[in-house]
Amino acid sequence: DYFTQSIVKMTIPQKIRLALVGNQEARNLLIHEPNKFIPLAVIRNPRLSEDEVLMYAQLRSLPEDIFWAISKHRTWVKNYHVKLALVSNPKSPLSLAIKLLDHLHDRDLQNISKSKNVSYVLARSAARLLFKRKG
């Protein structure tokens, strides 16, 4: 459509500006930009909803920096579903995922420990934590 074509023609500074102030349609297009500064600007958009953040946390096409940016935002990381999405996403940085394991419910730890989508190290850490909790 016309909107998508106009974004494609923009320069990087114009895309960053749009990412910071644009509407949801613009954010959803710009989050996939290959230049990591553009998705980072999307994450800094003050109108970003928790639902959007949850959706982005589940995307496997984003650079690592985005997952770190989401995790550093106090309000979003308080949301259980966002934490779970960050841990469950195979593209999420391992150190971040392991740090968030402590905050997950036993049932979710169980699922992660058996998951083939996450790294072996993360699955083992989840199993170990579950074992430790059960005593």
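In the block above lies the structure referred to throughout.
Residues numbered from 1 in each chain as written. Predicted model: local features only at pLDDT ≥ 70, side-chain atom pairs only at ≥ 80, totals over all residues. Heavy atoms only, no water.

> Provide a residue-level description of the overall build of the protein, including the pertinent values.
Within the protein, the regular secondary structure consists of 11 helices and zero strands. Ordered by position from N to C terminus, the α and β elements of the protein give α-α-α-α-α-α-α-α-α-α-α. Considering only C-alpha atoms, the protein reaches an extent of 55 × 25 × 20 Å along its principal axes. Looking at the 135 residues of the protein, the share that counts as buried comes to 41%. (Helix = DSSP H or I, 4+ residues; strand = E, 2+ residues; numbered from the N terminus. Buried < 20%, exposed > 50% of the residue type's maximum accessible area, 1.4 Å probe, protein only.)

> Help me get a handle on the side chain of Lys83, residues and values and all.
Note that Lys83 resides in helix α8 (residues 80–88). The side chain of Lys83 is buried and forms no salt bridge, while Asp108, the nearest opposite charge, is found at 11 Å. Only 3.4 Å separates the side chain of Lys83 from the backbone oxygen of Val77, close enough to count as a polar contact. Excluding residues within four positions of it along the chain, Lys83 makes contact with Val77, Lys78, Leu100, His103 and Leu104. (Lys, Arg positive; Asp, Glu negative; His and termini not counted. Salt bridge = Lys/Arg side-chain N within 4 Å of Asp/Glu carboxyl O. Polar contact = N/O pair within 3.5 Å; in protein donor to acceptor, adjacent residues only side chain to side chain. Contact = heavy atoms within 4.5 Å.)

> Break down the environment of Ser115 for me, with residues and values.
Position of Ser115 relative to the elements: it lies in the loop between α10 (106–114) and α11 (120–134). Separated by 3.0 Å, the side chain of Ser115 and the backbone nitrogen of Asn117 make a polar contact.

> Describe helix α6 (residues 64–71), naming the residues involved and giving the relevant values.
Of the positions making up α6, those classed as buried are Ile66, Phe67, Ile70 and Ser71. For α6, the buried positions fall inside an angular range of 135° around the axis, keeping them on one side. Residues of α6 that are buried make contact with α4 (37–43), α5 (50–58), α7 (74–78), α8 and α9 (94–101). (Arc of directions from axis to C-beta.)

> Break down the environment of Glu52 for me, with residues and values.
Here Glu52 is to be found in helix α5. Taking relative accessible area as the criterion, Glu52 reaches 3% and is therefore assigned buried. In this structure, the C-alpha to C-alpha distance between Glu52 and His73, residues 21 residues apart in sequence, is 14 Å. Setting aside anything within four residues of it in sequence, one finds Glu52 in contact with Gln24, Arg27, Asn28 and Arg47.

> So what's going on with the packing of α8 against α9? Which residues, and what values?
At a minimum axis separation of 8 Å, α8 and α9 run at an interaxial angle of 135°. The orientation of α8 relative to α9 falls into the category oblique. Crossing handedness for the pair α8 and α9: left-handed. For the pair α8 and α9, contact is made by Lys83, Leu86 and Val87 and by Ala97, Leu100 and Leu101, respectively. Split by residue class, the contact of α8 with α9 holds five nonpolar, no polar and one charged. (Axes fitted to C-alpha atoms, helices over the stretch in contact; angles between N-to-C directions. Parallel < 35°, antiparallel > 145°, perpendicular 65-115°, else oblique. Left-handed = near helix turned anticlockwise from the far one by under 90°. Nonpolar A, V, L, I, M, F, W, Y, C, P; charged D, E, K, R; others polar.)

> Go over the nonpolar core with me, naming the residues and quoting the values.
Among the nonpolar cores identified, the biggest contains 40 residues, and Ile43, Tyr56, Ile70, Leu101, Leu104 and Ile112 are the most heavily contacted of them. Counting residues per element, this core draws most heavily on α8, at six residues. Setting aside residues no more than four positions away along its own chain, Leu104 makes contact with Tyr80, Lys83, Leu84, Val87, Leu109, Ile112 and Arg133. (Core = buried A, V, L, I, M, F, W, Y, C linked by side-chain atoms within 4.5 Å.)

> I'd love a proper account of the environment of Asp65, names of residues and values included.
In this structure, Asp65 sits in helix α6. For the pair Asp65 and Ser92, spaced 27 residues apart in sequence, the C-alpha separation works out to 9.1 Å.

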